[in-house]
Amino acid sequence: MSSPAATFRDPAGSLRIDDDRVLRTVHPEYAEDCLNFLGSELAQSWIATGRLVETRVLSSAPGEQLELEHQRVFFPSYPWEWTPGQWISAAELTLDFAEQQLSIGRVLKDATPLNVLFEGSRPVFVDVLSTEARELENPLWMAYGQFVRTFLLPLAAYKYLGWSLAASLSRRDGYEPRDLYPYLSAWTRLHPAIFSHVTLPFLLEKKNGTNNSAGKLKQRPDVALYMHRRRIKHLRRALHAFTPKMGDSKWSTYPESASHYSSTDRNEKREFIERILYTARPAHVLDIGANTGDYSRLAAQAGANVVAWDADVAASEQNWRAACESRLPILPLIADAARPTPALGWQNAETSSLLDRARGRFDLVMMLGLIHHLLLIDQIPMAEIARLVNEFTTRWAVVEWVPATDVRFRDLCRGRDSLYAHLDERAFLRSFTQYFEPVARKPLSNGRVLFFLLRNH
Amino acid sequence: MSARFFFRTMWLALGVLQIAAVVCAFERPAHAYVDPGSGYMLLQVIGSMFAGAIFYLRHRLRRLFAFGAQSSSETETSIDK
């Protein structure tokens, strides 16, 4: 089925998802420039190293529109689902791309996080129309303001004001300096990177109004190039200054502090999951409630491409860092199965909802140590949880049942025992066997039970 | 102070002023589909003035203190790196 155009703001062309294919149309007047770029050594080397999306020309004729097909990134993600480290890595990729464009007489015409997706833990630049031939005498970068608004200011707001990066969901074009300025302390306003990117632009706008007198300067080409490079160097410095120091959270230290798990239980659980992964050999695994990614890494080591959801920023950041270090194909996202990311943008069609992206995309879904949170904190009925797992997987599921006697279950129950008295293993099986057949059952000595489930049809 | 040094310094100062004047000269409006942001655009213009002045200043200083071995283009290339 063909979706409405997923992108349409760029006058050079648009992108649409057609069944499983990602197709881009480039308008005739921009086709030659696009082909020039795709044929350049820079584009080829970026594609070869996986930093630029692989692109195939479907049809090209002089004076006609150009049709391109991109390699589909397995699980599209959006900045509001990224950890701080993923933001920094997407920003660095954008600046690297912008800098290298300069040496071939080109420039990035837009610089937003939406140009970047993640393939596993690795950022990929996906908008091949973001580049255009540079006017060699123009020292100004028209996308400079957009880079600051959409990358730097959300990171600055996160670091200095504690504003969640997920709030970028409601800010397609990022923050303006006036959004941050009133909330920053006098001292912070003078911090060099804040002064350059918030205080000074705010004061300039206040003095000159927001009437845009955007102009072009004309300079000798070598001077213009020097100015472009110098600007990118300054942006890198600001990015470094806005990189947040990640602390621990309750959940990021949970695997070490989980006293309800003895080392025997932990080892048995690990062995059971490992055996399942090497038996089922899934290609795509969804780890819901992944925490710091212990089991995501097991799945990736068994050969799967893993998407790992967790609502905790610090835990997901740890997962992402570990995936980068071990070079495992894991995409950690800050996502809550009970409050999934909605579809956004014009006609709710510019970005897809988390559930739409996940439905039927995985051959194994893991839900370990999460079900009691969904039942008691989010108050989701058991049948609904089973239905959701069934929607995500095409074949297998591994679910950890947490009984009412479990210390964590009791913590979350908070005296509402009678309300949840009906939640037992039989109720669990009644709901899950609507969709799955239990293949293996592994009780642990702490009372928890691991189920390996096969989809009924 | 030798007359030669005086004239070179004057030449350098005039050069910097000339650059600032050239840098300030606006051309036609730009048409970008992303919002360049008025504050950021002004900031870029001011930043470009400084960067342009630094570029020329370094270039002139290098020429001033060079012993005639380096050509102008070599100097510019090394600045770009």
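Scroll up to find the structure this text is about.
Remember, predicted model here, so these are calculated numbers, not experimental data.

A. The arrangement of the pattern of salt bridges in detail. Residues and elements named next belong to chain A. Using the criterion set out here, one finds 28 salt bridges over all chains in the structure. Residue Arg56 pairs with Glu69 through a salt bridge whose shortest N-O separation is 2.8 Å. In this pair, Arg56 sits in strand S3 (residues 55–59) while Glu69 sits in strand S4 (residues 66–70), placing the two residues 13 residues apart along the sequence. Linking Arg448 and Glu400 is a salt bridge whose minimum nitrogen-to-oxygen distance equals 3.1 Å. Placement of the pair is Arg448 in the loop between strand S15 (436–443) and strand S16 (449–455) and Glu400 in strand S14 (residues 393–401), with a sequence separation of 48 residues. Note on accessibility: Arg448 and Glu400 belong to one class, buried. Salt bridges here are not isolated pairs; linked through shared partners, they connect Asp356, Arg359, Glu384, Arg387 and Glu391.

B. Here's a closer look at unusual backbone geometry. Residues and elements named next belong to chain A. Even without being a glycine, Gln347 presents a positive backbone phi close to 55°. The residue Gln347 is located in the loop between strand S12 (330–334) and helix H13 (354–358) in this model. Within the chain, Gln379 stands out as a residue other than glycine whose phi angle is a positive 55°. Assignment of secondary structure puts Gln379 in the loop between helix H14 (371–377) and helix H15 (382–392).

C. Here's a closer look at the environment of Arg189 of chain A. Residue and element names in this part refer to chain A. Tracing the sequence through the fold places Arg189 in helix H6 (residues 186–189). Once the C-alpha coordinates of Arg189 and Thr199 are considered, the two residues, 10 residues apart in sequence, prove to be 6.0 Å apart. When residues no more than four places from it in sequence are discounted, the contact partners of Arg189 are Tyr181, Pro182, Leu184, Ile194, Phe195 and Thr199.

D. The nonpolar core, seen in detail. Residues and elements named next belong to chain A. Among the nonpolar cores identified, the biggest contains 112 residues, and Phe75, Trp141, Trp309, Ile371 and Phe432 are the most heavily contacted of them. Sequence-distant contacts of Phe75, that is, excluding residues within four places in its chain, are made with Phe118, Val307, Trp309, Leu331, Leu333, Leu354, Arg357, Ala358 and Phe362. Ala290, Tyr295, Ala300 and Leu444 belong to the second-largest nonpolar core, a separate cluster that totals 27 residues.

E. The arrangement of the sheet that holds S16 of chain A in detail. Residues and elements named next belong to chain A. Spatial strand order, S12-S11-S10-S13-S14-S16-S15: 7 strands in an open sheet with mixed pairing. Only two strands of the sheet have a single partner each, and these edge strands are S12 and S15. Adjacent strand axes in the sheet meet at a mean angle of 15°, parallel and antiparallel pairs treated alike. Inspection of the sheet shows strand S11 (residues 305–310) paired to S12 by 5 bridges, in the parallel sense. Bridge pairing in S12 places Val306 opposite Ile330. Helix H17 (residues 425–432) contacts S14, S15 and S16 of the sheet and is inclined by roughly 15° relative to S16.

Conventions we followed
Residues numbered from 1 in each chain as written. Chains lettered and ligands numbered in written order. Predicted model: local features only at pLDDT ≥ 70, side-chain atom pairs only at ≥ 80, totals over all residues. Heavy atoms only, no water. Salt bridge = Lys/Arg side-chain N within 4 Å of Asp/Glu carboxyl O. Helix = DSSP H or I, 4+ residues; strand = E, 2+ residues; numbered from the N terminus. Buried < 20%, exposed > 50% of the residue type's maximum accessible area, 1.4 Å probe, protein only. Contact = heavy atoms within 4.5 Å. Core = buried A, V, L, I, M, F, W, Y, C linked by side-chain atoms within 4.5 Å. Pairing = 2+ DSSP bridges. Axes fitted to C-alpha atoms, helices over the stretch in contact; angles between N-to-C directions.

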